Amino acid sequence: AEDRATGQSGGGVTPASPNAPGLNNPPLAYPEAAVGLGLEGTAVVRVEVDADGRVERVDVARSSGHYLLDEAARRAVENWRFRPATRGGQAVASVVTLPVRFRLPG
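Predicted model only: the values in this text are computed from it and were never measured.

Regarding unusual backbone geometry
Item 1. Of note, the phi angle at N24 is positive, near 50°, even though the residue is not glycine.
Item 2. Assignment of secondary structure puts N24 in the loop between strand 2 (13-14) and helix 1 (32-37).

So this is what it looks like as structure tokens:
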């Protein structure tokens, strides 16, 4: 069975992170159609990250209320790299849940 970190602190576990220096993840692209419709919201995505920091799978765990935003969040995170989770100093596969917020300026 594959060992998956819980993403919770304690027990020597460090969760995976898309914000580590040097990852250079592309910024989130706000869908043009969603901007035109004035759509805003926060999609929560569930991301399976392997021990090398590559994304294996992304699912929308909680909808923003708008399909356009949910899909944009899922597609963006699919292409990100993560600093892998560690357990006892060793990189492990893990699952993380991330909020992806879409807010129009002003």
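Side note on the environment of A20
Item 1. Of note, A20 is situated in the loop between strand 2 and helix 1.
Item 2. A20 gets classed as buried once you look at its relative accessible area, which sits at 14%.
Item 3. A sequence separation of 63 residues divides A20 from R83, and the C-alpha atoms of the two residues are 6.1 Å apart.

Details of the nonpolar core
Across soluble globular proteins, nonpolar side chains show a tendency to be buried alongside one another.
Item 1. Counting residues in each nonpolar core, the largest one holds 21 residues, and the members touching the most others are V45, V47, V77, F82, V96 and L98.
Item 2. At the level of elements, strand 3 (41-49), strand 4 (55-62), helix 2 (67-78) and strand 6 (90-102) are the ones that each hand at least two residues to this core.
Item 3. Setting aside its immediate chain neighbours within four residues, L98 contacts P18, A43, V44, V45, V47, W80 and F82.

Describing the pairing of strand 3
Item 1. Taken across its nine residues, strand 3 has seven buried, putting it largely inside the fold.
Item 2. Pairing analysis gives nine bridges linking strand 3 to strand 6, with the strands arranged antiparallel. When the bridges of strand 6 are listed, V47 appears paired with V96.
Item 3. In this structure, strand 3 lies alongside strand 4, joined through six bridges in antiparallel fashion. Of the residues in strand 4, the one forming a bridge with V45 is V60.
Item 4. Between strand 3 and strand 4, which pair antiparallel in sequence order, lie five residues; one of them, G53, sits at a positive phi of approximately 90°.

Criteria and thresholds
- Residues numbered from 1 in each chain as written.
- Predicted model: local features only at pLDDT ≥ 70, side-chain atom pairs only at ≥ 80, totals over all residues.
- Heavy atoms only, no water.
- Helix = DSSP H or I, 4+ residues; strand = E, 2+ residues; numbered from the N terminus.
- Buried < 20%, exposed > 50% of the residue type's maximum accessible area, 1.4 Å probe, protein only.
- Core = buried A, V, L, I, M, F, W, Y, C linked by side-chain atoms within 4.5 Å.
- Contact = heavy atoms within 4.5 Å.
- Pairing = 2+ DSSP bridges.

None of the figures reported here should be taken as evidence of function without further support.
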